[in-house]
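As a plain string of letters, each chain reads:
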Amino acid sequence: MSAAIVTLKPGKDQSLRRLHPWVFSGAIARMQGEVTEGQVVAVHAHNGEPLGMGHYAPGSIAVRMLAFGDVAAVADEAFWIEKLSNAYKLRHSLGLTGQGNTNVYRLVHAEGDGVPGLIIDVYGDVAVVQAHSAGMYLARPHIAAALQAAVPGLRAIYDKSSETVPQKAAPGAKNDYLFGESTGHEHLVQENGHRFAVDWETGQKTGFFIDQRDNRALLARYAPGRRVLNTFCYTGGFSVYALQAGAELVHSVDSSKKAVELTDRNAELTGLQDKHESYAQDVFTFLKDRHNQYDLIVLDPPAFAKHLSARHNALMGYKRLNVAGIKQIAPGGLLFTFSCSQVVSMELFEGAIMAAAIEAGRPARILHRLTQPADHPVSLFHPEGEYLKGLVLAVD
């Protein structure tokens, strides 16, 4: 059966010719054939020239492209095996597969791997799939089969799409195993030799914030002998690195009691839990009375803005948080500060941090500009994929 055709308005084909993978609804002139959410559609220029194929969805981003040019079909079993095999080969070349000291990594990073709307993270012998679009949700059987073909040694594949797929497209979606099953016991993974307990079934995202791996390793270089505060700690990734690097003490703060429990478990795995304390508390409240108690502070909040309309408020939020951190850090301290809001650029984030330092009245110097690691690649044609940005500041 031939795919439905989405025809663009005159002049609206230029972004696709530059291989940007999104077609916005305002660029569409007409649609031919029955078009339903999640369906694979062909995209044509106004003159009828084929531009590629992708998943259709109602909304601002109407088509997420899977292939460009005059292609006959996409999203069949061969398509998925090729995509996932290529993704695995890249991670293997990065030294992330088959390594004794790291067995947790991102296998598929949406547009960065040519499959918009799909995230796959690997935890040892388990792959965790998150579909962020109806098209990817419907493709789960193909994805699960291709994963078993592309990734050696998988014991299980867990689908955690219920909180990310549009609910109208998948009413009643439930997280479950697409292949294999739960072992019913604690699952431990390793990252740069550090052990972590990961709960992909009930934890946030896919269970662990893999994107901070390189930045955690950088923090370990600066942690020895320092008093470290890790805010918005989630499972305590930065805390574990700081403890094992020889920090004098490490305090972890998160408003979620469950996150604090996970952090305590991971601190326990280091054998250095006597140097660690955790607090299930609002970060802003916690910071109020902590003047000069810490000489290394991590500010790694959840995304303050998921849409452009919230960007201004997000920047004000980053400023307010960093004012609090900069005011309280001891002289000569280091601040690791982050934004994972895709709509906030590094330039805007840096401006917000500069404004915070001015308001706090503390001189500060940038030591490092940080981003996501190589297993979260950014397509050259889709700069929006660079969502994580961070700064390391020396605060006088």
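Residues numbered from 1 in each chain as written. Predicted model: local features only at pLDDT ≥ 70, side-chain atom pairs only at ≥ 80, totals over all residues. Heavy atoms only, no water.

Per an unreviewed UniProt entry, the chain goes by the name Class I SAM-dependent rRNA methyltransferase and belongs to Hymenobacter koreensis. Looking at the Subcellular location (unreviewed entry) heading of the UniProt record, one finds this comment for the chain: "Cytoplasm". Its UniProt record gives the chain the following Sequence similarities (unreviewed entry) comment, quoted word for word: "Belongs to the methyltransferase superfamily. RlmI family." (UniProt positions renumbered as here; feature names shortened; annotations may be inferred.)

Draft legend 1. Representation of the pairing of strand E18 (residues 333-339) within the structure. Most of E18 sits out of view: 7 of its 7 residues are buried. Here E18 shows two buried faces, one formed by Gly-333, Leu-335, Thr-337 and Ser-339 and the other by Leu-334, Phe-336 and Phe-338. For strand E17 (residues 296-299) and E18, the ladder comprises 4 bridges, and the chain directions are parallel. What sits directly across from Leu-296, in E18, is Leu-334. Handedness of the β-α-β unit built from E17, helix H9 (residues 311-328) and E18 comes out right-handed. The pairing of E18 with strand E20 (residues 389-395) spans 7 bridges and is classified as antiparallel. Note that in E20 the partner of Phe-338 across the bridge is Gly-390. (Buried < 20%, exposed > 50% of the residue type's maximum accessible area, 1.4 Å probe, protein only. Helix = DSSP H or I, 4+ residues; strand = E, 2+ residues; numbered from the N terminus. Pairing = 2+ DSSP bridges. Right-handed = clockwise from strand over helix to strand, strands pointing away.)

Draft legend 2. Fine view of the nonpolar core. Ranked by internal contacts, the top residues of the largest apolar core, which has 36 residues, are Trp-80, Leu-107, Leu-118, Ile-120, Ile-143 and Leu-147. Listing elements by their share of this core, those giving two or more residues are strand E6 (61-68), helix H2 (77-93), strand E7 (104-109), strand E8 (118-123), strand E9 (126-131), helix H3 (134-138) and helix H4 (140-150). The residues touching Leu-107, leaving out its near neighbours within four places in the chain, are Ala-87, Tyr-88, Arg-91, Asp-113, Ile-120, Asp-121, Val-122, Leu-147 and Val-151. (Core = buried A, V, L, I, M, F, W, Y, C linked by side-chain atoms within 4.5 Å. Contact = heavy atoms within 4.5 Å.)

Draft legend 3. The arrangement of the pairing of strand E13 (residues 194-197) in detail. As judged from the 4 bridges shared by strand E12 (residues 188-191) and E13, these two strands associate in the antiparallel manner. Its bridge partner being in E13, Glu-191 is matched across the sheet by His-194. Between E12 and E13, which pair antiparallel one after the other, the connecting turn spans 2 residues, and Asn-192 there sits at a positive phi close to 50 degrees.

Draft legend 4. Focus on the packing of H9 against helix H10 (residues 346-360). Direction vectors running N to C along H9 and H10 enclose 45 degrees, while the axes themselves pass 8 Å from each other. It follows that H9 is oblique to H10 by the angle criterion. Pair H9 / H10 crosses with right-handed handedness. Along the contact surface, H9 presents Arg-311, Leu-315, Tyr-318, Lys-319, Asn-322, Val-323, Ile-326 and Lys-327, while H10 presents Leu-348, Phe-349, Ala-352, Ile-353, Ala-355, Ala-356, Ala-357, Glu-359 and Ala-360. Its residues assigned to classes, the contact of H9 with H10 shows 12 nonpolar, 1 polar and 4 charged. (Axes fitted to C-alpha atoms, helices over the stretch in contact; angles between N-to-C directions. Parallel < 35°, antiparallel > 145°, perpendicular 65-115°, else oblique. Left-handed = near helix turned anticlockwise from the far one by under 90°. Nonpolar A, V, L, I, M, F, W, Y, C, P; charged D, E, K, R; others polar.)

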